[in-house]
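Summary of the model geometry
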Amino acid sequence: MRVSLLFLLLLAPSAQAVPPAPFAGQYGHGATADSDEVVWSVQGEAPSWRLTRTADDEQVDAQRMRARGREAFWTRMDWPVDSSTDADCLTWGEKPASLQDLLADTPPAPLAAGDDYGLGVLCHVPAPARSRIDWLAGNASDWFYYDPVAGVMEVRRLR
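Bear in mind that the values here come from a model prediction, so they are computed numbers and not experimental data.

So, the state of the cysteines
Summed over all chains, the structure comprises one disulfide. Residue C89 pairs covalently with C123 via a disulfide, S to S 2.0 Å. As the torsion about the S-S bond is roughly 110°, the C89-C123 disulfide counts as right-handed. Note that C89 is positioned in strand β5 (residues 88-92) and C123 in strand β6 (residues 120-124), a separation of 34 residues in sequence. One exposure class covers both C89 and C123, and it is buried.

Comments concerning the sheet that holds strand β2 (residues 40-45)
The strands that make up a sheet pair up through hydrogen bonds in the backbone, lying either parallel or antiparallel. Taken in spatial order, the eight strands close into a barrel running β1-β2-β3-β4-β5-β6-β7-β8, and their pairing is antiparallel. The average undirected angle you get between the axes of adjacent strands in this sheet is 30°. The pairing of strand β1 (residues 25-29) with strand β8 (residues 151-157) spans three bridges and is classified as antiparallel. In the sheet register, H29 faces β8, and the bridge partner there is V155. Sitting on the sheet, helix α2 (residues 67-77) touches β5, β6, β7 (143-147) and β8, and the angle it makes with β7 is about 75°.

Quick notes on the packing of aromatic side chains
Enumeration over the complete set of coordinates arrives at 13 aromatic pairs. Each ring, one from F23 and one from W143, has its centre 6.1 Å from the other, and the planes form 70°; the classification is edge-to-face. Placement of the pair is F23 in the loop between α1 (2-17) and β1 and W143 in strand β7, with a sequence separation of 120 residues. The class of W143 is buried, set by a relative accessible area of 9%.

Quick notes on the rules
- Residues numbered from 1 in each chain as written.
- Predicted model: local features only at pLDDT ≥ 70, side-chain atom pairs only at ≥ 80, totals over all residues.
- Heavy atoms only, no water.
- Disulfide = S-S within 2.5 Å.
- Helix = DSSP H or I, 4+ residues; strand = E, 2+ residues; numbered from the N terminus.
- Buried < 20%, exposed > 50% of the residue type's maximum accessible area, 1.4 Å probe, protein only.
- Pairing = 2+ DSSP bridges.
- Axes fitted to C-alpha atoms, helices over the stretch in contact; angles between N-to-C directions.
- Contact = heavy atoms within 4.5 Å.
- Phe/Tyr/Trp six-rings, centres within 6.5 Å; stacked < 30°, edge-to-face > 60°.

See below:
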């Protein structure tokens, strides 16, 4: 009896210490008619997330970007690369081709999932890192979204 009670007591703190999935939730942005309108919904937890665009219910599988992927994206955006270390990002889809890719005789070798960025990017960037990035310094939210059409857009986590 003592052993099982001790075992349960040891398990209890660790079960409470497991944080919820950092990306799971609903997100919106300032370009909607209603400030609480859900634009994207993210379900799941590491390593499998699914992002749903609520306007048309399009769903995509997303993966967390590792340091190399964040550095590649920050370099593409011409942001201070060292400010990417505090960011946490999801990405999905194929990486948009650059002019160099289009002109190259051979396509670049694919990288492991998470080591580059895809068509869409959703990132959490804390205020100290955000303050060093001109495009994000004035944002009130720690979240941004990127795609080649919309560009960089401040988003809010709604729930």
